[in-house]
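Descriptive structure summary
This is what each chain is made of:
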Amino acid sequence: MKNPADPAASFVRSVQLRHLRCFVAVAQERHLARAAERLALSQPAMSKTLAELEALAGHRLVDRGGAGRRGVQGLTAAGEQLLAHALRVLDALDAGAEAMAPAAAGRLERLRIGALPSVAPALLPAALARFRSHWPAVQVQVQSAANAVLLDGLRAGELDLVVGRMSDPKWMGGLSFELLHTEPLAFVARAGHPLARRGISVPAVLGYPLVVYSEGTIPRHNTESFLSTLGLALPTHALQTLDVSVARALVALSDAVWITPLGAARSDLVDGRLVRLPIATTGTEEPVGLLLRSDAEPSALRSAMVGLLRDAAKRQTTVLKRARG
C-alpha cells in the first residue's frame, strides 16, 4: 500500500479529470485563451486549473517562455511525460463511453492524418481512395503542414498518424518512425524550358526565378546546404511556399525553376507537364516515413491506413527510380 504522504499517492488521490482536460487542451492549443474557449471556460479559470495541476504534480508543466501572457512556448520535460499519460487516460475514458453507447447511436469513426505538403501528393491520394472503398462511413481528416507542426500535433494526440520526416532526436520522444522510402531534391521546370538540356550548371539555374520551400522546413534546409557545397547561396528573391499546387502551377506557366523533393513533382514528371533538369543532386536524399505515438492505443483504422501507405510507398519507389533516370 502506498504511503499517504507519498507525492505520487497524493497526486493520484487529488487529480481530477478537469485538470487533465485543461492540461491537454493547453498542450494542443499552445495558447491559454484558445484552450479556455475550447473548454468553454474563462481564461482565469483555465489558469487556476493549470496552476492546481502543477501544484499537485510538484513540477512546472508548461513553459510560457517568451510567448507572452496567453501564449505557450511548449511543455517542460515533466509536462511532456504527463501529457502521454493524460492522453491515455482521456482516450480510455472516451473508449469506455463509446463502448457503453447504444449501437443505434451511430458513433462517428474518425481518422486524422498529418502529411508534409511535399509528400502528400505522391502517397495520400491512392491510399485514401482505397481506404474509402473499404470504410466509406469513416470521417477522414488530412492536415498538411511543416514537419515540426505535424509532430507537435501527433504528440499532443490531435493526429493519429503522420507521413513525414525524422526530426531531431530530442523532439522524437514518445514517437516511432518507420522508413517508407528516400527521395532526393530535384530541379524541376516546364517542358520546353531553355534549361531542359544537357550540360547546364547550377549557377545558370540561379539566373532564373526560383520556387523553394519556406524557411524552417527540411527541403529548404537541404536546398541551402546543397547550394552551399557548391559555394553558392540561395537568392533572397526566390519565391517561398509550402503550397505544392501553387508551385506546380507557377512553374508550368513560366520559366521559374522549382527546387523540390522529387516525389512532390511525381505526377507532373510522369505525364510530361514538367521535366527534371539534368542536375545531379546525389547526397540530398531524405527519408520519408510513418510516425506514430509509441503509446497510442491499437486502432484497426490506423493499422489499415498504415498498410495502404506502405503499398503506396512501394509504388512511389518504382516511379521515382524511373524519374531519376
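Read on for a plain summary of the structure. Just so you know, these numbers come straight off a predicted model, no measurement behind them.

Following the criterion strictly, the structure yields 2 cavities of 30 Å³ or more and no others. A volume near 90 Å³ is recorded for the largest cavity. In terms of lining, the largest cavity is formed by Leu116, Pro117, Ser118, Ala146, Asn147, Arg165, Tyr213, Thr217, Ile218, Pro219 and Leu242. As a volume, the second largest cavity reaches approximately 30 Å³. Lining the second largest cavity we find Arg165, Glu183, Pro184, Leu185, Ile218, Pro219, Asn222, Pro261, Thr284 and Glu286. With 3 residues, the top contributor of residues to the lining of the second largest cavity is helix H9 (residues 218–229).

For helix H2 (residues 17–29), with 13 residues, the first-to-last C-alpha span of 18 Å sits near the 18 Å given by 1.5 Å per residue. Those residues of H2 that fall on the buried side of the exposure criterion are His19, Leu20, Cys22, Phe23, Val24, Ala25, Val26, Ala27 and Gln28. Just beyond H2, the residue with positive phi is Arg30, at close to 55 degrees.

Inspection of the secondary structure puts Asp311 in helix H12 (residues 300–324). A relative accessible area of 27% means that Asp311 is categorised as partly exposed. Put simply, Asp311 and Ala127 are 184 residues apart on the chain and 8.0 Å apart in space, counted from C-alpha to C-alpha.

When helix H7 (residues 147–155) is considered as a whole, its buried residues turn out to be Asn147, Leu150, Leu151, Gly153, Leu154 and Arg155. Two residues or fewer after H7 comes Gly157, characterised by a positive phi angle close to 85 degrees.

All right, on to the nonpolar core then. In this structure, Leu111, Leu123, Phe131, Leu161, Val163, Met305 and Leu309 are the most contacted members of the largest nonpolar core, which totals 33 residues. Listed by contribution, the elements that provide at least two residues to this core are strand S3 (110–115), helix H6 (120–134), H7, strand S5 (161–164), strand S6 (175–183), strand S12 (286–293) and H12. Not counting the four nearest positions on each side in its chain, Leu161 is found in contact with Leu111, Arg112, Ile113, Gly114, Leu154, Leu290, Leu291, Leu292, Arg302, Met305, Val306 and Leu309. Counting residues in hydrophobic clusters, the runner-up holds 23 residues, among them Ala25, Leu32, Leu83 and Leu90.

Another point: the pairing of S3. Burial within S3 is extensive, with 5 of its 6 residues counted as buried. For the segment spanning S3, H6 and strand S4 (residues 139–144), crossover handedness is right-handed. Alignment of S3 against S5, held across 3 bridges, turns out to be parallel. Bridging from a neighbouring strand, Gly114 pairs with Val162 of S5.

Procedures and definitions
All residue numbers refer to position in the chain's written sequence, counted from 1. In keeping with the predicted nature of the model, local features appear solely for residues at pLDDT of at least 70, side-chain atom pairs appear and are counted solely at 80 or more, and the whole-chain, interface and lining totals rest on all residues. Just so you know, side-chain values use all the structure's heavy atoms and leave hydrogens and water out. Detection works on a 1 Å grid of protein atoms alone, calling trapped sets that fit a 1.4 Å probe cavities and calling open sets with protein on both sides within 12 Å along at least five of seven lines pockets, with lining residues defined by an atom within 4 Å of a point. Grid points are joined across faces, edges and corners, and a volume is the space filled by probe spheres set on the points. Secondary structure counts use DSSP, requiring at least four H or I residues in a row for a helix and at least two E residues in a row for a strand, with both numbered from the N terminus. The length a helix should cover is 1.5 Å for every residue beyond the first. Accessibility here uses a 1.4 Å probe with only protein chains present; expressed as a share of the type maximum, an area under 20% marks a residue as buried, one over 50% as exposed, and anything in between as partly exposed. Put simply, buried Ala, Val, Leu, Ile, Met, Phe, Trp, Tyr and Cys residues joined by side-chain atoms within 4.5 Å make one nonpolar core. We call two residues contacting when some pair of their heavy atoms lies within 4.5 Å. When the strands point away from the viewer, a crossover counts as right-handed if the route from the first strand across the helix to the second turns clockwise. Pairing between two strands is assigned when DSSP locates at least 2 bridges connecting them.

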